[in-house]
Amino acid sequence: MSAVRGLSLLLAWAMSSSAWAAVDRSSRSPSSGAVTVDARDAAGEPTTKASASRKVDRKSDRKKSDRKKADKKELRPPPRELAASAALPAAVRDKIAAALNAEDLDGADVGFIVTDVATGAVLAESGADALINPASNDKMVTSAAALSTLKPEYRFKTEYFVQGRLKDGTLDGNLVVKGYGDPSVVSERLVRVANELYLFGIEKITGDVVVDETWFDGNEEARGWEQEDAPDRAYAAPVNALMVNYNAVAVYVRPGAAPGQPAIVRVDPPSERVTVKGEVLTEAVGRGVRLSSDKDVDAVASRDAPGTGTVLTIEGSVGLRDSPERIYRRVYDPALHFGSTLTTYLQQRGVKMKHSVARGVVPAGARLVLVDKSPALKDVVSTLNHYSNNVIAEALVKAMGAEVFGAPGTFEHGLAVGRQYLEQKLGFAPGSYVYENGSGLNDVNRFTARQLAQLVCAVAADYEIATEWFTSLAVAGTAGTISHRMKDTPAMRHLRAKTGTLRGVSALSGTVVQPSGNVVAFSLLTQGYKKGATVVWKAQTQIGAALASDGTWEPDDKGADDADDAVATLSPTPWPPPLEMTAPGG
């Protein structure tokens, strides 16, 4: 229901209710004593024996309500104990204790710790050894392990080969693409690739675009994906050796010219392996758009290459004056989707070719003509942690597996590399944590607040990766997933952290610079709270601001500093830096 229609119905209901009340009051006989108007009290209401009785009843109800509230407070669980060092100012300790014992967190599992980054000394802790779902704080582990294993300068690559004779602009054969799991390829990158291939001298292709996805194995969905209520969402996209736009499509919808006309629906990136079904109408007042994606089983019969396409089903309506909207959904069969998108861009550049994509491997004798390199890993990790990108996280897991154990990269091998990092470099005891995917999606991981703070301190001491890892974290009030939070508090620009949010789970871990210039690591993990995540965000803000201000800061309007959390401005993930390309001769 639209806001205008909802308001109209509400007004109509209110007016009708008033009218019925007036009729009821005037139709009663004065002899009933129910509405005899002898005098009016201070509120202007009739004073009668009945109304006086109602006042007594209301007072009684209020007393009962007050008793219930008092009983509820008495039934609250014992306060969480906060063990704190004398090095932490008393005001900071009090603010932290108050935040951890907020009534909205009653019954929740809470793990919290603050440590001195330079010395590792614990400054305060409460439930720090409880194993809790870290949500996307899990990405802290994955990104640190990847930087340590692959190194910050590591670059993914995608190789382009010609198979057959290339003469006078005509490739009499196939264009072969071998992917190495680059999660940073976006539409602009493929457009540049198409341009480079054209300028290299490929003006016509008589064969196919052949995609080689063998660097990774065929398992495209990490553990936890099977728990998704809405598995078509872009944040649960598959992981493949060939990916474009994080294996998601953007559907753009804007109103038509007049009510009754179809809305304009466009899909990016363009691919013949994506089919749109359904229709969105233009109305004076729109009712909303519903979009889902699923496997296109007809793709096997209707297209040259065996495999699965993506079918998008769209319905609903948009208002004539509505702004255009953009909705993301995952794709199926990423490698063929990649090849189809590349084919479209080649054709747009002017390359004459049929739209035929096939699976395969790089054949013997094929000639390498172009290598498309990703930004350095430090920049890929920055996008990962700033915007909490699940596909990048799981691609890093598989990349670690492929580089350490050899192709094909698997989730199992990559997670084994991550566990080696935790146990051999950080000293985690085997079995003291659960690390079953690289992104933190859904309920398959467990860490303690102490372990995540230990990770932060260990990375700070690792000169090879410390700068790159810490700059990848979101910045309070200015950048990443907490750009809209903690604004105008002492934590703004002084707190760097990784967020984590699932249903009933919220986590925040990172560092805070104290007024003295000292840097502390902190971790606050929560699960099982009954209200929305904003109640935990409030506690996170209070703790972050206390640490950044020695506990002396007070909000102008208590609780208002996170008022815009629920209506956070969503910005598209920025595209990576310009790509590097090399064109080998010979």
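Caption draft 1: Focus on the overall build of the chain. Helix and strand counts for the chain come out as 13 helices and 20 strands. The proportion of buried residues among the 586 residues of the chain is 49%. Once local pairs closer than 6 in sequence are excluded, the contacts in the chain between residues at least 24 apart make up 70%. As displayed, the chain has an accessible area near 27000 Å², and 53% of this comes from carbon and sulfur atoms.

Caption draft 2: Local environment of the sheet that holds strand E9 (residues 264-268). The strand order E9-E8-E13 describes an open sheet built from 3 strands, whose pairing is antiparallel. What marks the edges here is a single partner per strand, and that holds for E9 and strand E13 (325-330). Adjacent strand axes in the sheet meet at a mean angle of 25 degrees, parallel and antiparallel pairs treated alike. Where strand E8 (residues 248-254) meets E9, 5 bridges bridge the pair, whose relative direction is antiparallel. Pairing of valine 253 across the sheet is with valine 265, part of E9.

Caption draft 3: Focus on the pairing of strand E3 (residues 122-126). Here strand E1 (residues 83-84) pairs with E3 via 2 bridges, running antiparallel. Residue pairing for E3: alanine 84 is matched across the bridge by alanine 124. Inspection of the sheet shows strand E2 (residues 109-116) paired to E3 by 4 bridges, in the antiparallel sense. By the bridge assignment for E3, valine 114 is matched with alanine 124. Counted along the chain from E2 to the antiparallel partner E3, the turn is 5 residues long, and its residue glycine 120 has a positive phi close to 80 degrees.

Caption draft 4: View of the packing of aromatic side chains. Applying the stated criterion to the full structure yields 6 aromatic pairs. Between tyrosine 154 and phenylalanine 156, the ring centres sit 5.3 Å apart and the planes meet at 85 degrees, which makes this aromatic pair edge-to-face. With respect to class, tyrosine 154 is no different from phenylalanine 156; both count as buried. Here the aromatic rings of tryptophan 469 and phenylalanine 470 are separated by 5.0 Å at their centres, their planes lie at 85 degrees, and the arrangement is edge-to-face. By the burial criterion, tryptophan 469 is buried, and phenylalanine 470 matches it. An aromatic cluster of at least three residues, connected via ring pairs, comprises Phe428, Tyr433, Tyr435 and Phe447.

Caption draft 5: Main features of the pairing of strand E17 (residues 495-502). E17 sits mainly inside the fold: 6 of its 8 residues count as buried. As judged from the 2 bridges shared by strand E16 (residues 474-475) and E17, these two strands associate in the antiparallel manner. Within E17, the residue paired with valine 475 across the bridge is arginine 496. Pairing of E17 with strand E18 (residues 505-513), which is carried by 8 bridges, proceeds in the antiparallel orientation. Bridging across to E18, arginine 496 finds its partner in threonine 511. Where E17 hands over to E18, the hairpin turn is made up of 2 residues, of which glycine 504 adopts a positive phi near 80 degrees.

Caption draft 6: Just the pattern of salt bridges, in detail. Evaluated as defined, the whole model comprises 25 salt bridges. Here aspartate 208 ties to lysine 354 by a salt bridge, and the two come within 3.7 Å at their closest N and O atoms. Highlighted residues: aspartate 208 in the loop between strand E6 (204-205) and strand E7 (209-212) and lysine 354 in the loop between helix H7 (334-349) and strand E14 (357-359), separated in sequence by 146 residues. Among the salt bridges present, the one from glutamate 436 reaches arginine 419, with a minimum N-O distance of 3.5 Å. Separated by 17 residues along the polypeptide, glutamate 436 in the loop between helix H10 (411-425) and helix H11 (449-460) and arginine 419 in helix H10 bring together distant segments of the chain. Accessibility expressed as a relative area gives 24% for glutamate 436, which makes it partly exposed. For arginine 419, a relative accessible area of 24% corresponds to the partly exposed category. One salt-bridge network, in which partners are shared between bridges, spans Glu125, Asp129 and Arg450.

Caption draft 7: Focus on the packing of helix H5 (residues 187-200) against H7. Where H5 meets H7, the closest approach of the two axes is 9 Å, and the angle between their N-to-C directions is 55 degrees. Considered as vectors, H5 and H7 are oriented oblique to each other. Once H5 is placed against H7, the crossing between them reads as right-handed. Residues Ser187, Leu190, Val191, Val193, Ala194, Asn195, Leu197, Tyr198 and Leu199 of H5 lie in contact with H7, whose contacting residues are Phe338, Thr341, Leu342, Tyr345, Leu346 and Arg349. Of the residues contributing to the contact of H5 with H7, the split by class is 11 nonpolar, 3 polar and 1 charged.

Caption draft 8: Up close: the side chain of aspartate 138. With respect to the helices, strands and loops of the structure, aspartate 138 is situated in helix H4 (residues 138-150). There is a polar contact of 3.2 Å between the side chain of aspartate 138 and the backbone nitrogen of glycine 440. Beyond its immediate chain neighbours, meaning those up to four positions away, aspartate 138 contacts Tyr435, Asn437, Gly438, Ser439, Gly440, Asn445 and Phe447.

Caption draft 9: Representation of the confidence of the model for the chain within the structure. Considering every residue of the chain, the mean pLDDT works out to 86; 81% of them sit at 70 or more. This model gives residues 1-52 a pLDDT under 50, and the stretch forms 23 contacts once residues within four places in sequence are excluded. A low-confidence stretch, residues 300-304 stays under pLDDT 50, and its non-local contacts, those more than four residues away or across chains, total 7 contacts.

Caption draft 10: Structural context of the sheet that holds strand E10 (residues 274-283). Read across the open sheet, the 3 strands follow the order E10-E12-E11; overall the sheet is mixed. Of all strands in the sheet, those with a lone pairing partner are E10 and strand E11 (288-296), marking the two edges. Shown here is a sheet whose adjacent strand axes are inclined to one another by a mean of 5 degrees, direction ignored. Pairing analysis gives 10 bridges linking E10 to strand E12 (residues 309-319), with the strands arranged parallel. Paired with valine 274 across the bridge in E12 is threonine 310.

Caption draft 11: A look at the nonpolar core. Among the nonpolar cores identified, the biggest contains 67 residues, and Leu377, Tyr421, Leu455 and Trp469 are the most heavily contacted of them. Looking at this core, the elements with two or more residues in it are H4, helix H8 (377-387), helix H9 (390-405), H10, H11, helix H12 (466-470), E18 and strand E19 (519-527). In terms of residue count, the dominant contributor to this core is H9 (9 residues). With residues near it in sequence (within four places) discarded, leucine 455 still touches Met140, Val141, Ala144, Tyr421, Leu426 and Trp469.

Rules and cut-offs
Residues numbered from 1 in each chain as written. Predicted model: local features only at pLDDT ≥ 70, side-chain atom pairs only at ≥ 80, totals over all residues. Heavy atoms only, no water. Helix = DSSP H or I, 4+ residues; strand = E, 2+ residues; numbered from the N terminus. Buried < 20%, exposed > 50% of the residue type's maximum accessible area, 1.4 Å probe, protein only. Contact = heavy atoms within 4.5 Å. Areas by Shrake-Rupley, 256 points an atom, 1.4 Å probe, with all protein chains shown as cover. Pairing = 2+ DSSP bridges. Axes fitted to C-alpha atoms, helices over the stretch in contact; angles between N-to-C directions. Phe/Tyr/Trp six-rings, centres within 6.5 Å; stacked < 30°, edge-to-face > 60°. Salt bridge = Lys/Arg side-chain N within 4 Å of Asp/Glu carboxyl O. Parallel < 35°, antiparallel > 145°, perpendicular 65-115°, else oblique. Left-handed = near helix turned anticlockwise from the far one by under 90°. Nonpolar A, V, L, I, M, F, W, Y, C, P; charged D, E, K, R; others polar. Polar contact = N/O pair within 3.5 Å; in protein donor to acceptor, adjacent residues only side chain to side chain. pLDDT = per-residue confidence, 0-100. Core = buried A, V, L, I, M, F, W, Y, C linked by side-chain atoms within 4.5 Å.

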